[in-house]
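What follows is the residue order along each chain.
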Amino acid sequence: MPILKIARMGHPVLLRRADPVADPTAPEIARLVADMIETLEDIGGRGLAAPQVHFSQRVVIFHMGEGRGAVPEVLINPVIEPLAEEMIPGWEGCLSVPGLRGVVPRFRHIRYRAVDLDGRSIDREASDMHARVVQHECDHLDGVLYPQRMDDLRLLMFETEAKHHVNGIVLPEDID
Ligand code: NI
């Protein structure tokens, strides 16, 4: 299985709305997901969306574990529904925007629905970091990168400088 090349900000595939997956159980989708998992394990990120590896399909993977070896959750054709209006700021980064971090407001509580590789329905509620990761990854399917969600671009910075900005702001956490 190959490790896939990551598209970086500026590549048009990151700006377009990804296509729905017609058959989540198709072998080519299983192959894509296997390659995405291997790529994510190699890079060490928290999540990855198919457009980031140049496949404009509505597929994302992510894990909420710490360190490598965590088994990612696979979401095909995901749909997000905010469960409350409350939004909270938090640090994000992205494999497609390397070297930068930014503070992004996200819905604190969401419900998300999708299907998995076996075509089974997924219907979950998520809060805080889990909700943030799902919103970040699903934004990739709509051509949105996290800086577009920021309301204060002074808080977009190189990760090596972010250490200067921890006061009053939650500590950086890796979201890719
Ligand atoms: Ni990202």
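Residues numbered from 1 in each chain as written. Predicted model: local features only at pLDDT ≥ 70, side-chain atom pairs only at ≥ 80, totals over all residues. Heavy atoms only, no water.

**Things to note about helix 2 (residues 128-140)**
Across its 13 residues, helix 2 extends 19 Å between first and last C-alpha, which sits within 8% of the 18 Å expected from 1.5 Å per residue. Every buried residue of helix 2 is accounted for by Met129, Ala131, Arg132, Val133, Val134, Gln135, His136, Glu137, Cys138, Asp139 and His140. (Helix = DSSP H or I, 4+ residues; strand = E, 2+ residues; numbered from the N terminus. Expected span 1.5 Å × (residues − 1). Buried < 20%, exposed > 50% of the residue type's maximum accessible area, 1.4 Å probe, protein only.)

**Quick word on the nonpolar core**
In this structure, Met36, Leu48, Val53, Val59, Ile61 and Ile76 are the most contacted members of the largest nonpolar core, which totals 18 residues. Contributions of two or more residues to this core are made by helix 1 (27-43), strand 2 (59-62) and strand 3 (73-82). Setting aside chain neighbours within four positions, we find Val59 in contact with Val21, Leu32, Val33, Met36, Ala49, Ala50, Leu75, Ile76 and Leu141. (Core = buried A, V, L, I, M, F, W, Y, C linked by side-chain atoms within 4.5 Å. Contact = heavy atoms within 4.5 Å.)

**Looking at the environment of Phe158**
Its location among the elements puts Phe158 in strand 8 (residues 156-158). Here the alpha-carbon distance between Phe158 and Gly102, two residues 56 residues apart in the chain, equals 8.6 Å.

**Looking at the pattern of salt bridges**
Once their charged atoms are close, side chains differing in charge can pair, the charge on each being opposite to the other. Across all of its chains, the model carries 16 salt bridges by this definition. Residue Arg58 pairs with Asp142 through a salt bridge whose shortest N-O separation is 2.9 Å. Here the residue Arg58 occupies a position in the loop between strand 1 (47-49) and strand 2, and Asp142 occupies one in the loop between helix 2 and strand 8, the gap between them amounting to 84 residues. Judged by its relative accessible area of 9%, Arg58 falls in the buried class. (Salt bridge = Lys/Arg side-chain N within 4 Å of Asp/Glu carboxyl O.)

**Overview of the layout of surface pockets**
Quantified by volume, the largest pocket comes out at close to 280 Å³. What lines the largest pocket is a set of 15 residues, among which Ile80, Phe107, Gln135, Asp139 and Arg149 lie closest to the centre. Secondary-structure elements contributing two or more residues to the lining of the largest pocket are strand 3, strand 5 (100-107) and helix 2. The element best represented in the lining of the largest pocket is strand 3, accounting for four residues. Here the residues of the lining of the largest pocket sort into nine nonpolar, one polar and five charged. (1 Å grid on protein atoms, 1.4 Å probe; cavity = no way out; pocket = protein on both sides within 12 Å on 5 of 7 lines; lining within 4 Å. Points joined across faces, edges and corners; volume = space filled by probe spheres on them. Nonpolar A, V, L, I, M, F, W, Y, C, P; charged D, E, K, R; others polar.)

**Examining the sheet that holds strand 7 (residues 121-127)**
Taken in spatial order, the five strands line up as 1-2-3-6-7 in an open sheet, and their pairing is antiparallel. Edge strands, defined here as strands with exactly one partner in the open sheet, are strand 1 and strand 7. Between one strand axis and the next, the sheet turns through 40° on average, direction left out of account. Here strand 2 runs beside strand 3; their pairing, made up of four bridges, is antiparallel. Directly across from Val59, in strand 3, lies its bridge partner Ile76. Against the sheet, helix 1 touches strand 1, strand 2 and strand 3, its axis set at about 35° to strand 2. (Pairing = 2+ DSSP bridges. Axes fitted to C-alpha atoms, helices over the stretch in contact; angles between N-to-C directions.)

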